[in-house]
Structures are given as structure tokens and as C-alpha cells.
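One-letter residues, chain by chain:
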Amino acid sequence: MASADSETRPQEAIPQAVKIIIAGGFGAGKTTLVASVSEITPLSTEEVMTEASYGVDDTGGVEQKTTTTVALDFGRITINDDVVLYLFGTPGQDRFWFMWDELAEGALGAVVLADTRRLDTCFHAVDFFERRGVPFVVAVNRFEGSTVYREEEVREALDVSAEVPVVLADARERESCKEVLVELVTHVIRGRNPVMSG
Amino acid sequence: MRTDGVHGRGAAASALPEEVFRRSEPDARSHDEEFGQERFLRPFAVTAGDPDAHAVLGPESSGLDMLSLVVAARVPGRHEWLRPERGAILGHALRARTVVELAAEVRLPVGQVRGIVAAMVADGSLQRCGPSRSLGRQDILHAVLVGLRSL
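All figures in this text were calculated on a predicted structure; none of them were measured in a lab.

Q: It is not clear to me how the overall build of chain B should be interpreted in this structure. Could you clarify?
A: A tally of regular secondary structure across chain B gives ten helices and three strands. Along chain B, from the amino end to the carboxyl end, the secondary structure elements read α-α-α-α-α-α-β-α-β-α-α-β-α. For chain B, contacts bridging at least 24 residues in sequence account for 65% of all contacts bridging at least 6. Total accessible area on chain B is roughly 7,400 Å²; 55% of this is exposed by carbon and sulfur atoms.

Q: Explanation requested: the sheet that holds strand β1 (residues 69–72) of chain B in the structure shown.
A: The strands that make up a sheet pair up through hydrogen bonds in the backbone, lying either parallel or antiparallel. Residue and element names in this part refer to chain B. Taken in spatial order, the three strands line up as β2-β1-β3 in an open sheet, and their pairing is antiparallel. Bordering the open sheet on either side are β2 (97–98) and β3 (126–128), each of which pairs with just one other strand. Sheet analysis places β1 next to β2, joined by two bridges and oriented antiparallel. Bridge pairing in β2 places L69 opposite T98.

Q: Help me understand the packing of aromatic side chains in this model?
A: One pair of aromatic rings is described through two measures. These are the centre distance and the angle between the planes. Within this structure, the stated rule accounts for six aromatic pairs over all chains. Through pairs of rings, three or more aromatic residues link up here, namely W100, F128, F129 and F136 of chain A.

Q: Is there a simple way to think about the environment of F128 of chain A in this case?
A: Residue and element names in this part refer to chain A. In this structure, F128 sits in helix α4 (residues 123–132). For the pair F128 and A104, spaced 24 residues apart in the sequence, the C-alpha separation amounts to 9.6 Å. When residues no more than four places from it in sequence are discounted, the contact partners of F128 are W97, W100, D101 and A104.

What counts, and at which threshold
- Residues numbered from 1 in each chain as written.
- Chains lettered and ligands numbered in written order.
- Predicted model: local features only at pLDDT ≥ 70, side-chain atom pairs only at ≥ 80, totals over all residues.
- Heavy atoms only, no water.
- Helix = DSSP H or I, 4+ residues; strand = E, 2+ residues; numbered from the N terminus.
- Contact = heavy atoms within 4.5 Å.
- Areas by Shrake-Rupley, 256 points an atom, 1.4 Å probe, with all protein chains shown as cover.
- Pairing = 2+ DSSP bridges.
- Phe/Tyr/Trp six-rings, centres within 6.5 Å; stacked < 30°, edge-to-face > 60°.

Shown next, in the form of C-alpha cells:
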């Protein structure tokens, strides 16, 4: 057991924690991608949101606050002694946008997973990262039975700028997910986005 | 879908006055064990009705984000039986842990854990810790690139 040992070693190396966001529509394969590359079984936590629900529930004109919780899944990759990378899957439903700002804050970059059967479900994610200046790549998740589109077709449909990489991926395949993340980090290093400096 | 399962629960929690939660804590605990995933959310009991804890729930006021690292500055004490969440956090933070990992381990919403952690940092139970080596953004990116390629 290492527990007694760790108590006597207060000088244990503490890594820098960094994150990459995995975004996309509901059911696009975000959790699958995180699970494919994470060194741990993806962990899950929740966030509580409070929202004014007037107009949603008929409470006779009385404004009421309700709280709801949203699951947040994340995985981890130990890069080396100095850096640990966390992968956060965004909550898929649009009504959980309130979490995206905190998730995106300080992120190295983002992967937008696109499902070609429902391409419109990732429009919001593309829009969000463009507006925030968070560098991202689009990974087209290949689902069985879905029409195979070429990279240019997806790029045109999503209307992303030419410098944003669009790659084909299989969220179930570790190698494929690894390539997507490598593509993203390469893109970030190449891009020198003003938001990411400093 | 898990989010559906917890939806009504959170709504129920907000509909009741906070006094109810503080008084009914032992019952709520037994429900935890009984229902597993369907445990009852006790946002006010968890922060001990502490208004300060609510004030620090947001990242902007606590200075903590999901990836802030903390480590236990003391061992769980006898008084922790009243605040089992704090005891559990101390138990999990023997080594430096991120706020979001602690939240997953003690199975509480990350916003609440951030509030509790902030209060525990303030009272000296936990210490914030920065990375041993401070790396620039470009160094981090290159390290991540090399690390990912060698996975």
C-alpha cells in the first residue's frame, strides 16, 4: 500500500491540470470518445442549475425557480510528470449551455463531434467556439449505416473557415480518437490564436 | 438517461424550505444508501446552511475552478460526523486532487463541492496547490502533443 508512503512525501510532484472540451450534439459520441482515450473509466459529476421557470410551468403567473442537475462526464490522460490532461464531454442538450462558459475557460481547445445523420446538432457548438475564439477541430464520427460524406462536404455544410481542420473519426477506436486530439493540438500550436496566448 | 432521473429530484429539493433539510439529514442519509443513484439532493444540508458557502459557489467569487488542485492539510477529525462530506473530501485529498475529481468521488454536484472546498481552504482544512513546475502555454501544448502521440 502506498498510502503510508504518500503521507511522508509532501513534496510529491504536482502536475498542471489542463483540459480539452469534447462537444457535439446529443448522442454524437462524446462520451464514447472520452472513454476510448481516457486512462481511467470516465468519471461523472453533476452540476446544479437554477432557472426561472415562468412561462414553462403554469403556476398562475407566479415566477418560480426550479433546480435541475446535469451530468458531466470527464476522463483523464497523464501526459507526463508535469501535465495531466482532462477531457470534458459537454452536456448534449442545448438547455445546459450555462456550463459551457466555465468548461471553455482556459481550455487548450475543443473537438466538435459531428454526426452526419444530424449535422445540425453541432451547429451550436461550432458557433460557440467561433465566438469565444476557442480553437477547435471538427471530427466527423462515422456511424454504421450513415452516408459517408467527404471532408469538403461536411466543411461546406457546417460553414467553418478554411483553417479549421475537419477530420473523419471513429469515436470507438482509441487510435482514431488519439489522431483527432493530435490534430487539435497541432492546430492550436499552429494557430497562435490571440485568446490562447499568455 | 441519467439527467432525466435526477431532474425531478433537484426540483423537489428546491421546493422545500431549508429548515426541513437540516432536520431531516439522518433520514436523507439512509435514503442515499437505499436508493443508490436516486439519492436525495440536499443542497442546503451539504453546505450546512452556511450562507458563505452559497456565496462562494460561483467560480468568480471563490477563485476555484473545476481543475483547481487542493490537498488535505489535516486528517479527518471526530467532529466530521456532522459534516460527512468534509470528511470524505479530506479522505480523498490525501494527494493533490482537482475539484472536479473530488466532486465525482464524493458524488455531489461540482458547484457544491467547489463551495465546500472554498470554505475548507478558508478554514485551513485544505490547501490549494499549484503545479510543481510552472510551464508556459506553448510548453504545455508541446508536452501534450508528444504525450498524445505516444499513447
